[in-house]
Amino acid sequence: MKILLVNKFLYLKGGAENYVFKLGKILEEHGHEVQYFGLADENNIVGNAAESYVAPQDFQSGIRKNLTAPFRIIYSSEARKKIRAVLDDFQPDIVHLNNIQFHLTPSIILETHKYRTETKRDVKIIYTAHDYQLICPSHGLFDNDFKVCEKCLGGNYLHCLKTKCVKNSRGKSLLGTIDAYWWKWSKAYSFIDTIVCPSEFLKKKLDLQERFRTKTVALHNFVDVVEPKVVEKEDYVLEFGKLCRDKGTNTLLEVCKRLPDVRFVFAGYGPAEADIAAVPNAEYVGFKSGEELEMLIRKARFSIYPSEWYENCPFSVIESQMYLTPVIGSKMGGIPELIREGETGELFEAANVDDLKNKIMRLWYSPDLLKLYISNCKQLDIETPDSYYGKILNVYTGGKNEDI
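Residues numbered from 1 in each chain as written. Predicted model: local features only at pLDDT ≥ 70, side-chain atom pairs only at ≥ 80, totals over all residues. Heavy atoms only, no water.

Caption draft 1: Structural detail: the overall build of the protein chain. Helix and strand counts for the protein chain stand at 17 helices and 12 strands. Computed over C-alpha atoms, the radius of gyration of the protein chain comes to 22 Å, within 12% of the 22 Å expected from 2.2 N^0.38 for 404 residues, which places it in the range of a compact globule. Based on the C-alpha atoms only, the size of the protein chain along its principal axes is roughly 65 × 50 × 40 Å. Residues classed as buried in the protein chain amount to 55% of the 404 residues present. Put simply, 67% of the contacts in the protein chain that link residues at least 6 apart link residues at least 24 apart. When the 53 basic and 55 acidic side-chain charges of the protein chain are each reduced to a single mean position, those positions are 6 Å apart. (Helix = DSSP H or I, 4+ residues; strand = E, 2+ residues; numbered from the N terminus. Rg over C-alpha atoms; globule rule 2.2 N^0.38 Å. Buried < 20%, exposed > 50% of the residue type's maximum accessible area, 1.4 Å probe, protein only. Contact = heavy atoms within 4.5 Å. Lys, Arg positive; Asp, Glu negative; His and termini not counted. Charge placed at Lys NZ, Arg CZ, Asp CG, Glu CD.)

Caption draft 2: A look at the nonpolar core. Within the largest apolar cluster, 47 residues are counted, with the highest numbers of intra-cluster contacts made by Leu4, Val6, Phe37, Leu97, Ile108, Tyr132 and Ile195. Elements with a minimum of two residues in this core: strand S1 (2-6), helix H4 (77-90), strand S3 (94-97), helix H5 (107-119), strand S4 (124-128), helix H7 (170-185), strand S5 (194-197) and helix H8 (200-206). Take this core: its biggest share by element is five residues, from H4. The residues touching Leu4, leaving out its near neighbours within four places in the chain, are Gln35, Tyr36, Phe37, Ile83, Val86, Leu87, Phe90, Pro92, Ile94, Val95 and His96. With 29 residues, the next largest nonpolar core counts Ala282, Phe348, Val353 and Tyr373 among its residues. (Core = buried A, V, L, I, M, F, W, Y, C linked by side-chain atoms within 4.5 Å.)

Caption draft 3: Seen up close, a nonpolar patch on the surface. A cluster of nonpolar residues, Leu174, Ile178 and Trp182, forms a patch on the protein surface that exposes about 270 Å² of accessible area. Tracing the sequence through the fold places Leu174 in helix H7. Overall, the relative accessible area of 39% leaves Leu174 in the partly exposed class. (Patch = residues over 30% accessible without salt bridge, like charges linked within 9 Å, V, L, I, M, F, W, Y side chains within 5 Å. Areas by Shrake-Rupley, 256 points an atom, 1.4 Å probe, with all protein chains shown as cover. Salt bridge = Lys/Arg side-chain N within 4 Å of Asp/Glu carboxyl O.)

Caption draft 4: Inspection of the environment of Asn44 at higher detail. Mapped onto the elements, Asn44 comes out in the loop between strand S2 (33-37) and helix H2 (59-65). For the pair Asn44 and Phe191, spaced 147 residues apart in sequence, the C-alpha separation works out to 28 Å. A distance of 2.9 Å separates the side chain of Asn44 from the backbone oxygen of Leu39, its partner in a polar contact. (Polar contact = N/O pair within 3.5 Å; in protein donor to acceptor, adjacent residues only side chain to side chain.)

Caption draft 5: Just the packing of helix H1 (residues 15-29) against helix H17 (residues 385-396), in detail. Between H1 and H17, the least distance of the axes is 11 Å, while the angle of their chain directions is 85°. If you check the angle between H1 and H17, you find them roughly perpendicular. Taking contact as the criterion, the partners of Tyr19, Leu23, Ile26 and Leu27 in H1 are, on H17, Pro385, Tyr388, Tyr389, Ile392 and Tyr396. (Axes fitted to C-alpha atoms, helices over the stretch in contact; angles between N-to-C directions. Parallel < 35°, antiparallel > 145°, perpendicular 65-115°, else oblique.)

Caption draft 6: Focus on the layout of surface pockets. By volume, the second largest pocket amounts to about 340 Å³. Mapped by element, the contributors of at least two residues to the lining of the second largest pocket are helix H13 (315-322), helix H14 (335-338) and H17. (1 Å grid on protein atoms, 1.4 Å probe; cavity = no way out; pocket = protein on both sides within 12 Å on 5 of 7 lines; lining within 4 Å. Points joined across faces, edges and corners; volume = space filled by probe spheres on them.)

Caption draft 7: Molecular detail of the pattern of salt bridges. Taken as a whole, this structure holds 24 salt bridges when the rule is applied. Notably, a salt bridge pairs Glu234 with Lys299, separated by 3.9 Å at the nearest N-O pair. Within this pair, whereas Glu234 is found in the loop between strand S6 (216-218) and strand S7 (237-242), its partner Lys299 is found in helix H12 (residues 290-299), the two being separated by 65 residues in sequence. Note on Glu234: relative accessible area 35%, which makes it partly exposed. Judged by its relative accessible area of 29%, Lys299 is partly exposed. Ionic pairing is found between Glu294 and Arg298, a salt bridge with its closest N-O pair at 2.9 Å. Pair noted here: Glu294 and Arg298 are both in helix H12, with a separation of four residues, about one helical turn. No difference in accessibility class separates Glu294 from Arg298, as the two residues are buried.

Caption draft 8: Quick peek at a negative patch on the surface. Together, Glu28, Glu29, Glu33 and Asp386 make up a region of like negative charge exposed at the surface. Looking at the element boundaries, Glu33 is found in strand S2.

Caption draft 9: The environment of Cys152, seen in detail. Residue placement: Cys152 occurs in the loop between S4 and helix H6 (158-163). Among all residues touching Cys152, those that are not within four sequence positions of it are Ile135, Pro137, Tyr157, His159, Cys160 and Gln209.

Caption draft 10: Spatial organisation of H13. Among the eight residues of H13, six are classified as buried, and the element is accordingly described as predominantly covered. Every buried residue belonging to H13 is among Ser316, Val317, Ile318, Ser320, Gln321 and Met322, and all of these are buried. Packed against the buried residues of H13 are S7, H12, strand S10 (302-305), strand S11 (327-330) and H14. Positive phi appears at Leu324, one or two residues downstream of H13, with a value of about 65°.

Caption draft 11: The side chain of Gln101, seen in detail. Looking at the element boundaries, Gln101 is found in the loop between S3 and H5. A polar contact is formed between the side chain of Gln101 and the side chain of Tyr127, at a distance of 3.2 Å. Not counting residues up to four positions away in its chain, the partners in contact with Gln101 are Lys8, Pro106, Tyr127, Gln133, Leu134 and Tyr189.

Caption draft 12: Quick look at H1. Here H1 spans 21 Å end to end across 15 residues, near enough to the 21 Å set by a 1.5 Å rise per residue. Every buried residue belonging to H1 is among Ala16, Glu17, Tyr19, Val20, Phe21, Leu23, Gly24, Ile26 and Leu27, and all of these are buried. Turning to H1, the residues buried within the fold contact S1, S2, S3, S4 and H17. Downstream of H1 by a residue or two, Gly31 has a phi angle that is positive, lying close to 90°. (Expected span 1.5 Å × (residues − 1).)

Caption draft 13: Spotlight on the environment of Thr344. Within the secondary structure, Thr344 is located in the loop between H14 and strand S12 (345-348). Take Thr344: its relative accessible area is 0%, and that puts it in the buried class. Between the alpha carbons of Thr344 and Glu239 there is a distance of 17 Å; along the sequence they are 105 residues apart. Beyond its immediate stretch of four places on either side in the chain, Thr344 contacts Gln321, Pro326, Val327, Ile339, Tyr373, Asn376 and Cys377.

Okay, here's the thing in structure tokens:
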């Protein structure tokens, strides 16, 4: 089978790219031929035989220099032309879309559908929804103040313009609103065969719109299998990843102040770094990755994922438990799907300082309970590369949704 993986960035930039590259590797290991389509960039680590890519656009300066630049965010004739060159050359059986908005744009869906119509080939169009872009012009179901917002879920995207949801900018919010309506009216998304949702929560949100309801399947992200070795725990709890207000870091810092006898460690990056430095029992250790991050997670008594927006399927929650470190997570988005409450971790009401404090105290001062949670993490039910391959192959071959 030939699979074309499509993503605007073809170098490691974030979670979506990590997913695309690992999926490509899995597919190749199972004997499939894989090529990639996206933006041209000197940092690209994958590509296609036709050497056809979309030129990156600096939309900030472009808007000032060229009045047509904003509309290329919504529709790109160049992207249609460039992906057609790849389709003609590679002749894929599957076109698997990922993050395509604003640079590649859904115009490539139109061209892919045109290609399969003209060639009379049964080319499946698959879309993995890494965020809420299909139903939210600001992509995250939050407003410009990073507060949860569901006003556009029914398809009335004027709320985005009224509240300036896109970066608190009237102009950018106007473009986001136009983009949402344009692709709703164009019916482009109707040409997608299956939408893969990395959480049941995201699936339920997409299913609120009839045009997506029959296309969605829920399939958690996969992680590499690691040895469930037990290491000696040290006296700290951990938050790692992006450190900012919408991720709940500031709420956690308020808890730190109320629990001066507990040591809190923060690893990652973000605007909350300065706030961490102001709390005596909070330690910022910088950005960590690889084995250094793994050991930091393994040695923590437990980790905390205090996000205050609708997370999809955060790798941090899965990784913690995979490394035998229980998690205290907020009841937001797909987080509760990943934690067996009372078995591998605890859940608390997002932004509720008292609730989070009580859950931390419960685990910190109950060593026997913590040991039980650690032991339970050994039987964690997660998607492995092998299990994910079987399910994504079922998606590719048109299997029934209930079989995924």
